[in-house]
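An overview of the molecular structure
Chain by chain, the residues:
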Amino acid sequence: MGALIFSEIVSSPSLGKVTREGFVDGWSELGVDNLPKMKDVCQQRRLTLSQDMGLFKNVYNAAFPLSLPPGSKTLPLEYATEFWTMLFTPPGLEWKSAQGTPWLDWWLEFQQQIKTKAVNRDLWKQTLNFARETLKDDSLSFWSEESSWPSVIDEFVEWVKTEKRPGENGGNGEAMEVE
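This one's a predicted model, so the numbers in the text were calculated from it and none came from an experiment.

Turning our attention to the packing of helix 7 (residues 121-136) against helix 8 (residues 151-164). Where helix 7 meets helix 8, the axes come as close as 10 Å, and the angle between the chain directions of the two elements is 40°. Here helix 7 lies oblique to helix 8, going by the angle between them. Residues Leu123, Gln126, Thr127 and Phe130 of helix 7 pack against Val152, Ile153, Phe156 and Val157 of helix 8. Residue composition of the contact of helix 7 with helix 8, grouped by class: six nonpolar, two polar and no charged.

Here it is as structure tokens:
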């Protein structure tokens, strides 16, 4: 996680690459001018990552371009899975509700079942928005067919209702009414 935090600070163009401009500008904006301070800033951000949604969102969004294969605009599912696992578990934002719903496990299981091959930037960003909503509302009442979630997220919600929560409000019964 430390590498992602560092990379976000210095605006790395890809994992392991740092530009002089990004390095100087990133640390200057934070008023940091020596190695011990840099280390302290990275450690402090790591400790607050799960509570500071602005910081988490910045690190999460920076992870997408960092992890792209050279010349690609989509992230292979294997890469996305590794990054989601790293970002959505401590010290990142744990994607598991207070009620015990293992959202991250379900999301990854669903991706494997539908055989997603790649993740585009929109799905990457909307996955974070969806995760934040599920943590606030475990019942999925925020979701509706009229909302503008990517189709993969719409399919995931239907999968949760039919595979993981059959019979609950919005479960099998609702899916049958739509058909």
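Moving on, we get to the pattern of salt bridges. Within this structure, the stated rule accounts for five salt bridges. Between lysine 37 and aspartate 33 there is a salt bridge, and its shortest N-O distance comes to 3.3 Å. For lysine 37, a relative accessible area of 38% gives the class partly exposed. The closest approach of N and O atoms between glutamate 133 and lysine 136, which form a salt bridge, is 3.2 Å. Highlighted residues: glutamate 133 and lysine 136, both in helix 7, separated by three residues, approximately one helical turn.

Per the UniProt record, "domain: DCUN1" (unreviewed entry) is found at residues 1-161. Between the first and last C-alpha atoms of residues 1-161 the distance is 33 Å; the span itself is 60% helix and 2% strand.

Parameters at a glance
- Residues numbered from 1 in each chain as written.
- Predicted model: local features only at pLDDT ≥ 70, side-chain atom pairs only at ≥ 80, totals over all residues.
- Heavy atoms only, no water.
- Axes fitted to C-alpha atoms, helices over the stretch in contact; angles between N-to-C directions.
- Helix = DSSP H or I, 4+ residues; strand = E, 2+ residues; numbered from the N terminus.
- Parallel < 35°, antiparallel > 145°, perpendicular 65-115°, else oblique.
- Contact = heavy atoms within 4.5 Å.
- Nonpolar A, V, L, I, M, F, W, Y, C, P; charged D, E, K, R; others polar.
- Salt bridge = Lys/Arg side-chain N within 4 Å of Asp/Glu carboxyl O.
- Buried < 20%, exposed > 50% of the residue type's maximum accessible area, 1.4 Å probe, protein only.
- UniProt positions renumbered as here; feature names shortened; annotations may be inferred.

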